[in-house]
Amino acid sequence: MPGSVLTKCDLTAANLSSVYAPKSDLNGTKLSAATLVGAIFTSSLMANTSLVLAKANKADFSSCDMRLADLTGCDLSNANLSGSNLGDSMLTESVMANTNLQHCKIACASLARVNASEADFTGCDLSDSNLGGATMTACIFDQARLHRTCLLSAVLTRASLKGTFLNAGNLLSAVLNEAGMQTMRLSFAFLSSPTSFEDLSGASLREADLNNASLNKAKLTQTDLTGSSLGGASFVNAQMAECILAKCDMSASVLKGANLTSANLEGTKVSDAFLLLG
């Protein structure tokens, strides 16, 4: 079925397992509750397509145009969506475990409460998207763009965010313990919460850009921030025991009430910092 034209067709609950339909036109097609296991739709047009509750595990949607598509509750585990455009799409509560999303455009999309454990978002643009409540354990976000991305209460345990750009994002109550965040650029991000604090314990944020970040009451026990830029950052009442802050620039940072027991500050710049420690 290569090059098929199925625009606005109603294929609700259809069984299309293992179908071969690359470069097809499926714009506006209804595939809700359809079975698409192992199907191949490479380079197809799927804008405004409905895949609500579809079973699309191991399917190939690489290089597809899926803007404004509705994939709510869709099973995309082990699927390939690399290079696809999912801008403004709805992926709420979908299953994306082990899914390949390398270099996708997923700006302004909803990924709230998705299960994307071990998914690969390398080089993705997730700007202005909502990942609130998402489970993203051991995900790869290397070189991804998370500009104004919402990660409220998201679980990113053991995730890799090497070289990731996160600017003005919301990480309230996000869990990032044991995450690898080397050379991550995290500027003007909001991470403090009055009731539930971020867990960055044991995370590696070497050479990260955390200028002006708010890490009030954050858990940073044994976190490695070697060589990071922390100018103007706020660590009020943060738990930083055994934190590695060697060779950091903490100029004008605020450490009021912070616990720095056994922290490593060798070679760190602390000029104009507020150091009323706990």
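Please read these numbers as outputs of a predicted model, since none were measured by experiment.

1. Observations regarding the overall build of the protein chain
Then, number 1: Secondary structure assignment for the protein chain yields 0 helices and 2 strands.
Then, number 2: Relative to its full complement of 278 residues, the protein chain shows a buried share of 53%.
Then, number 3: When the accessible surface of the protein chain is split by element, carbon and sulfur atoms take 50% of a total near 11,200 Å².

2. Let's talk about the environment of Thr 29
Then, number 1: Counting through the fold element by element, Thr 29 comes out in the segment before β1 (165-167).
Then, number 2: With sequence-adjacent residues up to four places away left out, Thr 29 is seen in contact with Leu 6, Thr 7, Lys 8, Cys 9, Leu 11, Thr 49 and Ser 50.
Then, number 3: Among the polar contacts made by the side chain of Thr 29, one reaches the main-chain carbonyl oxygen of Leu 26 at a distance of 3.1 Å.

3. Notes on the environment of Gly 231
Then, number 1: Structurally, the position occupied by Gly 231 is in the segment after β2 (185-187).
Then, number 2: Remark: the alpha-carbon pair of Gly 231 and Ser 253, spanning 22 residues in sequence, is separated by 5.6 Å.

4. Focus: the packing of aromatic side chains
Then, number 1: Using the criterion set out here, one finds 2 aromatic pairs in the structure.
Then, number 2: Relative to Phe 61, the ring of Phe 41 has its centre 5.5 Å away and its plane inclined at 10°; by these criteria the two rings are stacked. Residue Phe 41 is located in the segment before β1, and its partner Phe 61 is located in the segment before β1; the two are separated by 20 residues in the primary sequence.
Then, number 3: Relative accessible area serves as the criterion here: at 3%, Phe 41 is assigned to the buried category.

5. Observations regarding the side chain of Ser 127
Then, number 1: Checked against the element boundaries, Ser 127 lands in the segment before β1.
Then, number 2: Take Ser 127: its relative accessible area is 6%, and that puts it in the buried class.
Then, number 3: A polar atom in the side chain of Ser 127 sits 3.5 Å from the side chain of Arg 145.
Then, number 4: Apart from residues no more than four positions distant in its own chain, Ser 127 is found in contact with Ala 107, Cys 108, Arg 145, His 147 and Thr 149.

6. What about the side chain of Ser 253?
Then, number 1: Along the polypeptide, Ser 253 turns up in the segment after β2.
Then, number 2: In terms of polar contacts, Ser 253 uses its side chain to reach the backbone carbonyl oxygen of Met 250, at 2.6 Å.

7. Observations concerning the pattern of salt bridges
Then, number 1: Under the definition given, this model contains 4 salt bridges.
Then, number 2: A salt bridge links Arg 67 to Asp 65; the nearest nitrogen and oxygen atoms lie 2.7 Å apart.
Then, number 3: Taking the shortest distance from any N to any O, the salt bridge between Glu 93 and Arg 113 comes out at 2.9 Å. In this pair, Glu 93 sits in the segment before β1 while Arg 113 sits in the segment before β1, placing the two residues 20 residues apart along the sequence.
Then, number 4: Accessibility expressed as a relative area gives 47% for Arg 113, which makes it partly exposed.

8. Side note on the nonpolar core
Within soluble globular proteins, side chains that are nonpolar tend to cluster in buried spots.
Then, number 1: Ranked by internal contacts, the top residues of the largest apolar core, which has 51 residues, are Leu 36, Phe 61, Ile 106 and Phe 121.
Then, number 2: Core analysis: the next-biggest nonpolar cluster, separate from the first, contains 23 residues, Leu 200, Leu 210, Cys 248 and Leu 260 among them.

9. Some points on unusual backbone geometry
Then, number 1: Its identity as a non-glycine residue notwithstanding, Asp 128 has a phi of 65°, on the positive side.
Then, number 2: As for its placement among the helices and strands, Asp 128 is situated in the segment before β1.
Then, number 3: Since its relative accessible area comes to 33%, Asp 128 is described here as partly exposed.

10. What about the confidence of the model for the protein chain?
Then, number 1: On average, the protein chain scores 88 in pLDDT, and the residues at 70 or more come to 86%.
Then, number 2: Counting interchain partners and residues more than four positions distant, the pLDDT-below-50 stretch residues 192-197 has 10 contacts.

11. Let's talk about the environment of Leu 71
Then, number 1: Within the element layout of this structure, Leu 71 appears in the segment before β1.
Then, number 2: Considered as a pair, Leu 71 and Ser 32 are 39 residues apart in the sequence and their alpha carbons are 8.5 Å apart.
Then, number 3: Residues in contact with Leu 71, not counting those within four places in the same chain, are Leu 51, Met 66, Leu 76, Leu 86, Met 90, Leu 91 and Ser 94.

Cut-off values and rules
Note on numbering: residues in each chain are counted from 1, in written sequence order. Residue-level local features of this predicted model are given only where pLDDT is at least 70; pairs of side-chain atoms are given and counted only at 80 or more, and the full residue set underlies all totals for whole chains, interfaces and linings. Only hydrogens and water are removed before side-chain values are computed, so all heavy atoms of the structure are retained for them. Here a strand is any run of E in DSSP of at least two residues, a helix any run of H or I of at least four, and the numbering for each starts at the N terminus. Type-normalised accessible area, obtained with a 1.4 Å probe on protein chains alone, sets the label of each residue: buried when under 20%, exposed when over 50%, and partly exposed for intermediate values. The Shrake-Rupley method, run with a 1.4 Å probe sphere, supplies the accessible areas, and residue values consider only the shown protein chains as cover. Any pair of residues with heavy atoms lying within 4.5 Å of one another is described as a contacting pair. Counted as a polar contact is a pair of N or O atoms within 3.5 Å, where, for protein atoms, one must be capable of donating a hydrogen and the other of accepting one, and residues adjacent in sequence contribute only when both atoms are in side chains. By convention, a stacked pair of Phe, Tyr or Trp rings (six-membered ring in the case of Trp) has centres within 6.5 Å and planes under 30 degrees apart, an edge-to-face pair has planes over 60 apart, and any other such pair is tilted. Only one rule defines a salt bridge in this text: a Lys or Arg side-chain nitrogen within 4 Å of an Asp or Glu carboxyl oxygen. Working definition of a nonpolar core: buried Ala, Val, Leu, Ile, Met, Phe, Trp, Tyr and Cys residues. They are joined through side-chain atoms within 4.5 Å. Values of pLDDT, ranging from 0 to 100, describe the predictor's confidence in every residue of the model.

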